[in-house]
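Now for the letters of each chain:
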Amino acid sequence: MTPLFHESLGFAMGYAEACVENGDIVGAVRKLEWMRNEAKRWKHHPEFPS
């Protein structure tokens, strides 16, 4: 089952936090970049969380 958009963001944020805690700054930056790109892609969607 594919997670909903807001669930995907939650998973990504948790992954980024885990990367920072383990010293993987590059992994955290990549995941945060993914989150930013997803937000840009969906910002005009009527169900996009504000």
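For the structure, see preceding data.
Description of the structure in this document. A quick note: this is a predicted structure, and the numbers were derived from the prediction, not measured.

Examining a nonpolar patch on the surface
(1) Moving on: Together, Val20, Ile25 and Val29 make up a nonpolar patch on the protein surface, roughly 270 Å² of accessible area in all.
(2) Moving on: Its place among the elements puts Val20 in helix 1 (residues 5-21).

Examining the packing of aromatic side chains
(1) Moving on: The full count for this structure, using the stated rule, is 0 aromatic pairs.
(2) Moving on: Between Lys31 and the ring centre of Tyr15, over which it is positioned, the NZ or CZ distance is 5.0 Å.
(3) Moving on: Positioned over the ring face of Trp34 is Lys31, at 5.6 Å from the centre of the ring.

Calculation rules
- Residues numbered from 1 in each chain as written.
- Predicted model: local features only at pLDDT ≥ 70, side-chain atom pairs only at ≥ 80, totals over all residues.
- Heavy atoms only, no water.
- Patch = residues over 30% accessible without salt bridge, like charges linked within 9 Å, V, L, I, M, F, W, Y side chains within 5 Å.
- Areas by Shrake-Rupley, 256 points an atom, 1.4 Å probe, with all protein chains shown as cover.
- Salt bridge = Lys/Arg side-chain N within 4 Å of Asp/Glu carboxyl O.
- Helix = DSSP H or I, 4+ residues; strand = E, 2+ residues; numbered from the N terminus.
- Phe/Tyr/Trp six-rings, centres within 6.5 Å; stacked < 30°, edge-to-face > 60°.
- Lys NZ or Arg CZ within 6 Å of the ring centre and 35° of its normal.

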